[in-house]
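Okay, here's what each chain looks like letter by letter:
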Amino acid sequence: TTGAGVDIDVVVIGAGQAGLSSAHFLGRAGFAPHTGYLVLDHEDGPGGAWRHRWPSLRMRTVHGVHALPGLAMDPVDPDTPAAEAVPAYFAAYEQHFHLPVRRPVRVRAVRRDPADRLLVQTSAGTWAARAVINATGTWDQPFWPRYPGQAEFTGRQLHTADYRGNAEFAGQHVVVVGGGSSAVQLLSEIAEVATTTWVTRRPPRLRERFTPEEGRAAVAVVDQRVRAGLPPGSVVSATGLPLTPQVRAAVARRLPMFDRITPTGVAWADGRRIRADAILWATGFRPALAHLAPLGLREPGGGIRVDGTRAVAEPRLHLVGYGPSASTIGANRAGRVAVREIRELLAGAPPRAA
Ligand code: FAD
C-alpha cells in the first residue's frame, strides 16, 4: 500500500451502462475483481440512472436501450416501466459476471498523490489507483437555467429529474421549458390531463428520418467539442428531434422562450403573459464531474479535453459515457476502448515497489 489508501489497479466510478461495460472489459482483460479493479456506485442497488426514470417511461417509449456487452436482456413486456426492467437487467448482469460493485459508496474526490497514484476518496475509505474510469453519467447534475423573477414564482417548479407522472398536474396549466426529447415526451403526457405551454430558446431542429450516417455525424460533432475542451452539449442539439406526430403537434404550438417569471406565471418582453401553476424545466443534465475538480482538468471552454475516452491532461483518467459515448451503445464501445488503453498504460509502467 502507498499508505494513503488501498492499492488497486483500476477504480471505476459509477455502475450505469458505462461503468458496467468498463467493468466487463476489465474482467476480460484479466484484472482481478476486488483486488485488481472495483466499481464504486452511490446508488442503493443496480440500474444507474435508470432507477430514477419517471414511472410512465415504458420500455416501448425509450429510444432503445442497447444491451450491455456479453449478455442480452431477456425480452420484457413493452409496458414494463424502464425504471424496473433496466435495473433488473443490470442486477442480473452484475451477478452473471460476478462484477465487484460496492454500493452505496460516494466518491467525493479524485486527486493525484506523490506516489504516482490517483487517490479516490470516498464515503467508504480511500483507494490508491493506477488508473480511474469515470462513468458517473449526468443524472446527478440536473441543469436549471436562471431567469429573472424565478424566486418569486408562487407555483411549483420542477426538473425532469423530479417528474413522477402527470397525475399531480390534473386541471392545471403547465409551462414546459426545453427543446429535447424529454421535453416533448413530458409535454405530451402532461397535455393528457392539463393545459400546457411549450417554450424553447431556439426553434427546434427537426429531422424526418434518422440514418446511421446522421447518427455518426452527430456523434462526430460531440467528439470534436470534447477534443476541443468544450462542454459536450446535448446529442439532440446535434441530431434534431425526430418528426413524430407527437413532435409535429407540439411544434405547431411552441412559443419562444419567455423573458421573465412573474409570481403567477411567465412573461415576454412584448407584454404577453401566461398564467402557470407549474413550470417544468426539461432543460437537461450536465456531466456529474465535481469530484474530479482537484485534478484541475477543466479547460477555459468549460469542458474536459478528451481524446477518445482519455483525459488529455491526465492519461490515467478515462471518461466513459461522456460526450460522444453518452448513449447506451456509445458507452459499450467506450468501455472497451478505455480498458484497452489502460492495459497498455499499466503494462508500460509497472507498479512501483511500496
Ligand atoms: P448513469 O446510468 O447515470 O450511471 C452513472 C452512475 O454513477 C449512477 O449509478 C450514479 O449513481 C453513479 N455516480 C455518479 N456520481 C457518483 C459519485 N460521485 N460516486 C459514486 N457514484 C456516482 N440513452 C439511450 O441509449 N437510449 C435511451 O432510450 C435513453 N433514454 C434516456 C432517457 C432519459 C430520461 C435520459 C435522461 C437519458 C436517456 N438516455 C438514453 C441517455 C442515458 O442516460 C445513457 O445512454 C446511459 O444510460 C447513461 O449511462 P451512464 O452509465 O453513463 O450513466
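This text follows the structure it describes.
Quick look at the pairing of strand β2 (residues 37–40) now. Regular strands show a simple pattern: their side chains alternate between the two faces of the sheet. Side chains of β2 alternate between two faces, with Tyr37 and Val39 and Leu38 and Leu40 buried alike. Bridge count for strand β1 (residues 6–13) against β2 is four bridges, and the pairing is parallel. What sits directly across from valine 11, in β2, is leucine 38. Note that the unit made of β1, helix α1 (residues 17–28) and β2 has a crossover that is right-handed. Strand direction decides the pairing type here: β2 and strand β3 (residues 101–102), joined by two bridges, are parallel. Bridge pairing in β3 links valine 39 to valine 101. Once the chain exits β2 it traverses helix α2 (residues 82–96) before rejoining the sheet at β3, and the crossover so formed is right-handed.

Mapped onto the secondary structure, threonine 126 falls in strand β6 (residues 125–134). Assessed through its relative accessible area of 23%, threonine 126 is described here as partly exposed. Considered as a pair, threonine 126 and valine 107 are 19 residues apart in the sequence and their alpha carbons are 9.1 Å apart.

Once that is clear, we can look at the side chain of glutamate 43. By secondary structure assignment, the location of glutamate 43 is in the loop between β2 and α2. Here the side chain of glutamate 43 touches histidine 52 through a polar contact of 2.8 Å, side chain to side chain. With residues up to four places along the chain from it excluded, the contact list for glutamate 43 reads Gly48, Arg51, His52, Arg103 and Pro104.

Two numbers describe how α1 lies on helix α7 (residues 328–348): the axes approach to 8 Å, and their chain directions differ by 35°. Seen along the crossing, α1 lies across α7 with a hand that is right-handed. Between α1, through Gln17, Ala18, Ser21, Ser22, Phe25 and Leu26, and α7, the contact on the second element is made entirely by Thr328, Ala331, Asn332, Gly335, Arg336 and Val339. Per-class residue counts for the contact of α1 with α7 are five nonpolar, six polar and one charged.

About the thresholds
Residues numbered from 1 in each chain as written. Predicted model: local features only at pLDDT ≥ 70, side-chain atom pairs only at ≥ 80, totals over all residues. Heavy atoms only, no water. Buried < 20%, exposed > 50% of the residue type's maximum accessible area, 1.4 Å probe, protein only. Helix = DSSP H or I, 4+ residues; strand = E, 2+ residues; numbered from the N terminus. Pairing = 2+ DSSP bridges. Right-handed = clockwise from strand over helix to strand, strands pointing away. Polar contact = N/O pair within 3.5 Å; in protein donor to acceptor, adjacent residues only side chain to side chain. Contact = heavy atoms within 4.5 Å. Axes fitted to C-alpha atoms, helices over the stretch in contact; angles between N-to-C directions. Left-handed = near helix turned anticlockwise from the far one by under 90°. Nonpolar A, V, L, I, M, F, W, Y, C, P; charged D, E, K, R; others polar.

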